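Next come the chains, spelled out residue by residue.
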Amino acid sequence: MTMLRTLFCPQILLADGWAANVVIAIDGHGRIAGIERGPTGSAHAEIVRGPVVPAQANLHSHAFQRAMAGLAEQAGATEDSFWTWREAMYRLVARMRPDDIEIVATKLYSELLKGGFGHVVEFHYLHHADGGRRYDDGAETSLRILKAAETAGIGLTHLPVFYAHAGFGGTAPNQGQLPFVHDVDPFLKLLERLAPACAAQGARLGLAIHSLRAATPEEMRAVLAAERTGGPVHIHVAEQEREVEDCLAWSGRRPVEFLLDEMPVDDRWCAIHATHMTPQETARLARSGAVAGLCPVTEANLGDGIFPAADFLGFGGAFGIGTDSHVATSVAEELRLLEYGQRLRDRRRNRLASGSGASVGRTMFDAALSGGGRAAGLDTHGISVGARADLVVLDGDHPFIGTASGDQILDRWLFATGSDAVRDVMASGQWVVRDGRHRDEEAIDRAFRDVLVKLA
Ligand SMILES: [Zn+2]
């Protein structure tokens, strides 16, 4: 096969560690076809302008929520919580049309690329119109998500969400939830309808159960027994203390305990948040093989709590990061807050380093890359032959980045700068961000601005 392009990388974080002076060959399918170490330069290679690291997979996104980022920060009359935020989110949903969903998702995905992500897992539950009215095509909003990912140039794992109830025990959905709900059979048909569309675009298809609140164990078993996606299975669990109390009142068990007791949780699964766990639950979740889907900035924004990350890693648990409600859109902000939450709770430093002398940034970056890739259903991750060419070029002209080497590059990026240190981003072998700007930034911004005005 002819090579699409070759890159000369003065410093690069390969799957087996940092290397200097490496030529990466990328084939016409956007995959890495060759890695040559040690040449002094190649006349035919494009020289990248800073250290190269793999792009992360963002394992949890509700794209439409980007439209309300920053608009739920005014104190209400009652005590504000996740649950009052959720009412504001339902009001937004009632006004969004398919065109709006696509435009907002396209803008978000372009921002995620600029933040250092090359792939996104969309946990998609906004299936229907206001009041639950069905679109002519039941896959309408899912197809808009696929289109947005294609326009932005980000890799996609699409997870249509099964959602049926307002609370534990199969209570009826409320008015605000009607755009989300399905019975089991129409949901399975939606998955079947989407399989060829995802395959045609090179997107992965999996599924999600919204939460133990939103689906009964019987419905969950029926969906899992019949679905044929072969992709990952995600679920929100134990995000809020009230959810723990409600689950105990309903079942006598805590949410993570219930999930692990009743469902076939293994390395195909991703438990989103899993914030509130006992030490026993933490150990069991780690050993189940499931990935913990952590969204530190959203969890902080919503006042959820702090995930027991140090203990979870101690038990051998796998995690990845997501931006969830998208109040932030960057790899650096999520990983930084993940570590800082542990420090604030424990009043100690460097909680998530793999051992004495290890870099916190490198430990978290590697763990999130591996866990995020698994939760996205990707067969390869990291910069290696056969992997998709999803690369981040950090800014070699930035004083912090240009003077650092090895793991210090990651620590400077994650703890001392942020997305401004991201210079170029390649997804599936295509440059989608150059010099900090998305390839379609102006058109995407114009459309997004119009939607914000319309929804205001
Ligand atoms: Zn979520």
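The text that follows walks through the structure, step by step, so that each part is easy to find.

Conventions adopted
Residues numbered from 1 in each chain as written. Predicted model: local features only at pLDDT ≥ 70, side-chain atom pairs only at ≥ 80, totals over all residues. Heavy atoms only, no water. Helix = DSSP H or I, 4+ residues; strand = E, 2+ residues; numbered from the N terminus. Rg over C-alpha atoms; globule rule 2.2 N^0.38 Å. Buried < 20%, exposed > 50% of the residue type's maximum accessible area, 1.4 Å probe, protein only. Contact = heavy atoms within 4.5 Å. Lys, Arg positive; Asp, Glu negative; His and termini not counted. Charge placed at Lys NZ, Arg CZ, Asp CG, Glu CD. Expected span 1.5 Å × (residues − 1). Polar contact = N/O pair within 3.5 Å; in protein donor to acceptor, adjacent residues only side chain to side chain. Pairing = 2+ DSSP bridges. Donors = N, O, S within 2.8 Å, 3.2 Å for Na, K, Ca; no water. Tetrahedral: all angles 85-135°; square planar, octahedral: opposite > 155°, others 65-115°. Axes fitted to C-alpha atoms, helices over the stretch in contact; angles between N-to-C directions. Left-handed = near helix turned anticlockwise from the far one by under 90°. Nonpolar A, V, L, I, M, F, W, Y, C, P; charged D, E, K, R; others polar. 1 Å grid on protein atoms, 1.4 Å probe; cavity = no way out; pocket = protein on both sides within 12 Å on 5 of 7 lines; lining within 4 Å. Points joined across faces, edges and corners; volume = space filled by probe spheres on them.

### Observations concerning the overall build of the protein
Thinking step 1. If you tally the helices and strands in the protein, you get 15 helices and 18 strands.
Thinking step 2. Its C-alpha atoms give the protein a radius of gyration of 21 Å, near enough to 23 Å, the size a compact globule of 456 residues would have.
Thinking step 3. Principal-axis analysis of the C-alpha atoms gives the protein an extent of 65 × 50 × 45 Å.
Thinking step 4. By the burial criterion, 59% of the 456 residues in the protein qualify as buried.
Thinking step 5. Of all intrachain contacts in the protein linking residues separated by at least 6 positions in sequence, the fraction that spans at least 24 positions is 74%.
Thinking step 6. Here the protein carries 45 positive and 58 negative side-chain charges, and the mean point of each set is 2 Å from the other.

### Considering helix H12 (residues 360–375)
Thinking step 1. End to end, H12 covers 22 Å across 16 residues, agreeing with the expected 22 Å (1.5 Å per residue, within 8%).
Thinking step 2. Within H12, the full set of buried residues consists of Val360, Gly361, Arg362, Thr363, Met364, Phe365, Ala368, Leu369, Gly371, Gly372, Gly373 and Ala375.
Thinking step 3. For H12, the side-chain oxygen to backbone nitrogen distance between the N-cap and Gly361 is 3.3 Å, and the N-cap itself is Ser359.

### Focus on the pairing of strand E17 (residues 430–434)
Thinking step 1. One ladder, built from three bridges, connects strand E16 (residues 422–427) with E17; its direction is antiparallel. Bridging across to E17, Val425 finds its partner in Val433.
Thinking step 2. In this antiparallel pair of consecutive strands, E17 and strand E18 (residues 437–438), the connection spans two residues, and Asp435 shows a positive phi of 50°.

### Some details on the coordination of the zinc ion
Thinking step 1. Every protein donor of the zinc ion is accounted for by His60 (NE2), His62 (NE2), His236 (NE2) and Asp324 (OD), and the metal-donor separations fall at 2.1 to 2.8 Å.
Thinking step 2. For the zinc ion, the four donor atoms are set out with angles of 82 to 172° between them, so the coordination reads as irregular.
Thinking step 3. For the zinc ion, the single-chain donor residues occur in sequence as H-x1-H-x173-H-x87-D.
Thinking step 4. For His62, a relative accessible area of 3% translates into the label buried.

### Comments concerning unusual backbone geometry
Thinking step 1. In this model, Ala274 sits at a positive phi of 45°, which is unusual for a non-glycine residue.
Thinking step 2. Among the structural elements, Ala274 can be located in the loop between strand E12 (269–273) and helix H8 (279–288).
Thinking step 3. A positive phi angle, close to 55°, is found at Arg347, a residue other than glycine.
Thinking step 4. Inspection of the secondary structure puts Arg347 in the loop between helix H11 (331–346) and H12.
Thinking step 5. Classification of Arg347 as exposed rests on a relative accessible area of 77%.

### Topic: the packing of helix H2 (residues 98–114) against helix H3 (residues 140–152)
Thinking step 1. Orientation of H2 relative to H3, taken along the N-to-C sense of each, is 35°, at an axis distance of 8 Å. Of the two possible hands of crossing, H2 and H3 adopt the one that is right-handed. Seen from H2, the contacting residues are Pro98, Asp99, Ile101, Glu102, Ala105, Thr106, Tyr109, Ser110 and Leu113; seen from H3, they are Glu140, Thr141, Arg144, Ile145, Lys147, Ala148, Ala149, Thr151 and Ala152.
Thinking step 2. In terms of residue class, the contact of H2 with H3 is built from nine nonpolar, four polar and five charged.

### Concerning H2
Thinking step 1. The terminal C-alpha atoms of H2, which comprises 17 residues, lie 25 Å apart, in line with the 24 Å expected from a rise of 1.5 Å per residue.
Thinking step 2. Counting buried residues in H2 gives 14 out of 17 residues, a clear majority hidden from the surface.
Thinking step 3. In the stretch just after H2, Gly116 is the one whose phi turns positive, near 105°.

### Quick word on empty space enclosed by the protein
Thinking step 1. Using the criterion set out here, one finds two cavities of 30 Å³ or more in the structure.
Thinking step 2. What the largest cavity holds in volume is close to 180 Å³.
Thinking step 3. Around the largest cavity sit 19 residues that line it, and Phe82, Trp85, Tyr125, His210 and His236 are the ones nearest its centre.
Thinking step 4. Among the residues making up the lining of the largest cavity, the classes are represented as eight nonpolar, seven polar and four charged.
Thinking step 5. By volume, the second largest cavity amounts to about 60 Å³.
Thinking step 6. Taken together, Gln65, Met68, Ala69, Gly70, Ala72, Glu73, Trp85, Asn301, Ser325 and Val327 make up the full set of residues lining the second largest cavity.

The quantities given are spatial measurements derived from coordinates; they are silent on function.
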